Amino acid sequence: MKKFLKAVCLLLSVVIFAGVFASCGKGRNVVAIYDETKVIYHSEVDDIINYHLAFYWQTGMSEAEKLKIKANAVNAFVQYRLIEEELKKDGFEIDKKALNERYQAEKAKIEEEFEGGYKNWRKTYNVSRSFLKEETRRMILKEKCYENIQAKLEITDDVLKQYMNKHAADYMHPSGYGWTMIFREVKDLSNENECAEAKTEAQEYINKLRAGEMTMEQVEAELLAKYTKEDGYGNAVFFNGSDFTAVQSMPVLDTREKLDYWLEKYSEDYKNRDANADPSSKEYEAYMQYISKCMEVETYYAIQNLEVNEVYESPVFSLIGYGILCLDSIKGESTFDSFEDVKEELRERYIEDTTAESFKTYVNDLFEQYSVMNAYTTAVSK
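All figures in this text were calculated on a predicted structure; none of them were measured in a lab.

(A) The arrangement of the overall build of the protein in detail. Check the secondary structure of the protein and you find 15 helices and nine strands. Taken against the 2.2 N^0.38 rule, which gives 21 Å for 382 residues, the C-alpha radius of gyration of the protein at 30 Å runs more than 25% over that of a compact globule. Going through the 382 residues of the protein one by one, you find that 39% of them count as buried. Sequence separation of 24 or more characterises 71% of the internal contacts of the protein that already satisfy a separation of 6 or more. Here the protein holds 49 positive side-chain charges and 69 negative ones, and the gap between their average locations is 12 Å.

(B) Representation of helix α6 (residues 117-125) within the structure. Residues of α6 that are buried include every one of G117, Y118, W121 and Y125, and no others. Angularly, the buried residues of α6 cover 125° about the axis, an arc narrow enough to put them on a single face. Residues of α6 that are exposed and angled more than 90 degrees away from the buried face: K119 and K123. Against α3 (42-55), α5 (96-113) and α7 (131-151) lie the buried residues of α6. Where α6 ends, the next residue or the one after it, N126, has phi of about 55°, a positive value.

(C) Molecular detail of unusual backbone geometry. You will see that E36, though not glycine, has its phi angle at about 75°, which is positive. If you trace the backbone, E36 turns up in the loop between β1 (30-34) and β2 (38-41). Even without a glycine there, the phi angle at N126 is positive, about 55°. You can see N126 is positioned in the loop between α6 and α7.

(D) The packing of helix α4 (residues 63-89) against α7, seen in detail. Close contact between α4 and α7 brings their axes to 10 Å; oriented N to C, the two are set at 55°. On the basis of the axis angle, α4 is oblique to α7. For the crossing formed where α4 meets α7, the hand is left-handed. Every residue of α7 that contacts α4 at F77, Y80, I83, E84 and L87 is listed here: R137, R138, L141, K142, K144, C145 and N148. Considering only residue class, the contact of α4 with α7 consists of six nonpolar, one polar and five charged.

(E) Inspection of the packing of helix α9 (residues 192-210) against helix α10 (residues 216-226) at higher detail. Where α9 contacts α10, the axes come no closer than 10 Å and their chain directions differ by 155°. By the angle between their directions, the pair α9 and α10 is classed as roughly antiparallel. Both α9 and α10 take part in a crossing whose hand is right-handed. Side by side, α9 and α10 meet where E201, Y205 and L209 of the first sit next to M216, V219, E222, L223 and K226 of the second. Within the contact of α9 with α10, the residues separate by chemical class into five nonpolar, no polar and three charged.

(F) Just the sheet that holds strand β9 (residues 373-374), in detail. With respect to topology, three strands assemble into an open sheet ordered β2-β1-β9, the strand pairing being antiparallel. Every other strand in the sheet has two partners, leaving β2 and β9 as the edge strands with one partner each. Here β1 pairs with β9 via two bridges, running antiparallel. If you follow I33 over to β9, its bridge partner there is M373. Helix-sheet contacts for α3 involve β1 and β2, and the interaxial angle to β2 is about 55°. Across the sheet, α4 touches β1, β2 and β9, and the angle it forms with β1 is around 40°.

(G) Main features of the sheet that holds strand β7 (residues 321-331). Pairing within the open sheet is antiparallel, and its four strands lie in the order β5-β4-β7-β6. If you trace the sheet from one side to the other, it starts and ends with β5 (241-246) and β6 (316-317), each paired once. Inspection of the sheet shows β6 paired to β7 by two bridges, in the antiparallel sense. What sits directly across from V316, in β7, is G323. Along the sheet, α9 contacts β4 (176-185), β6 and β7; its crossing angle with β7, the most-contacted strand, is approximately 35°. Packing against the sheet, helix α13 (residues 282-305) makes contact with β4, β5, β6 and β7, and its axis sits at approximately 130° to β4.

(H) Broad picture of the environment of G232. The topology assignment puts G232 in the loop between α10 and α11 (236-239). Along the chain, G232 and V308 lie 76 residues apart, while their C-alpha atoms are 35 Å from each other.

The rules behind these values
- Residues numbered from 1 in each chain as written.
- Predicted model: local features only at pLDDT ≥ 70, side-chain atom pairs only at ≥ 80, totals over all residues.
- Heavy atoms only, no water.
- Helix = DSSP H or I, 4+ residues; strand = E, 2+ residues; numbered from the N terminus.
- Rg over C-alpha atoms; globule rule 2.2 N^0.38 Å.
- Buried < 20%, exposed > 50% of the residue type's maximum accessible area, 1.4 Å probe, protein only.
- Contact = heavy atoms within 4.5 Å.
- Lys, Arg positive; Asp, Glu negative; His and termini not counted.
- Charge placed at Lys NZ, Arg CZ, Asp CG, Glu CD.
- Arc of directions from axis to C-beta.
- Axes fitted to C-alpha atoms, helices over the stretch in contact; angles between N-to-C directions.
- Parallel < 35°, antiparallel > 145°, perpendicular 65-115°, else oblique.
- Left-handed = near helix turned anticlockwise from the far one by under 90°.
- Nonpolar A, V, L, I, M, F, W, Y, C, P; charged D, E, K, R; others polar.
- Pairing = 2+ DSSP bridges.

This is the structure in structure tokens:
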């Protein structure tokens with residue numbers, strides 16, 4: 001009881017000064033207590049706090065949000081301190097040679113993949129030379145926990161079938177429509193003359209496609225050859241292609257009247273739209289949203305009313321330009337993967353999900369068992 005009271009007193013002293021060290025974060029301030037009397041000082045967690053702040057940083061972040069990040073960083077530090085103590089009880093200790101080899105491998109990976117190499121990585125995340133090795137230690141500890149958890153898993157067909165049923169939507173192939181769209185790109189959507197020329201050209205290609213004079217592949221190749229990156233184009237190549245839309249994900253649009261209803265609705269919803277407004281304005285944003293919504297609903301109408309391999313009669317206006325749409329396929333009924341076909345995938349997913357959930361539960365239990373108190377968490381909750 002005396003130990004517990006001492007711990008509370010220590011933590012209270014931290015909370016009183018939480019506002020001070022939350023901003024300066026230096027010296028021997030106590031940031032966490034566990035097992036009633038064991039303390040963790042701010043100097044021990046400087047690196048991991050700096051790393052978390054840099055990793056999760058967002059422009060305009062509030063002080064409360066920063067405080068929460070610091071709290072999570074301290075929890076992560078404490079978490080692996082406790083895990084290491086528990087693993088030692090079971091006779092596991094990290095081999096120094098293996099740790100150093102893994103550390104060198106991680107450092108080499110950063111040197112190769114991070115812009116500016118390891119030195120710039122440290123500068124970016126504002127961490128000391130020792131941080132990466134400590135982070136590597138934490139990786140090894142987590143892997144050992146995962147290994148222990150997975151060794152206890154009993155994975156039978158019944159278990160995997162239950163898991164599959166729980167995630168049935170992931171193994172369903174819904175009924176719907178497969179379609180392809182290619183674009184006659186427009187550089188400036190607010191330029192009426194450019195849009196008119198693009199629409200006319202797109203319509204000419206549609207007429208040729210519907211007459212059987214060209215294929216979609218030929219039209220795409222011709223458009224990409226005409227409108228190149230050197231001339232200020234180049235977006236169409238990223239958006240041309242095939243897609244699939246499930247029946248359940250769209251409204252029924254089997255008549256022109258239903259399409260007109262939605263087009264009129266969006267015209268009213270975004271009546272403040274202005275193609276010539278400043279790109280950062282709400283009016284311009286409304287214009288962009290209006291185009292997106294109209295394209296979406298017209299695409300739905302087209303695919304629900306075309307025959308397979310038929311090209312839609314009109315160009316579809318979009319944020320890229322004018323789309324030329326062809327219906328590729330119709331899937332009339334939803335189907336499900338057979339258990340045997342996805343059994344190995346199910347096993348991998350089950351192991352991954354169950355391990356992560358068990359690890360989270362294990363850590364929560366450790367925090368309760370060791371009576372962990374984090375000054376930043378206390379400050380966040382105030």
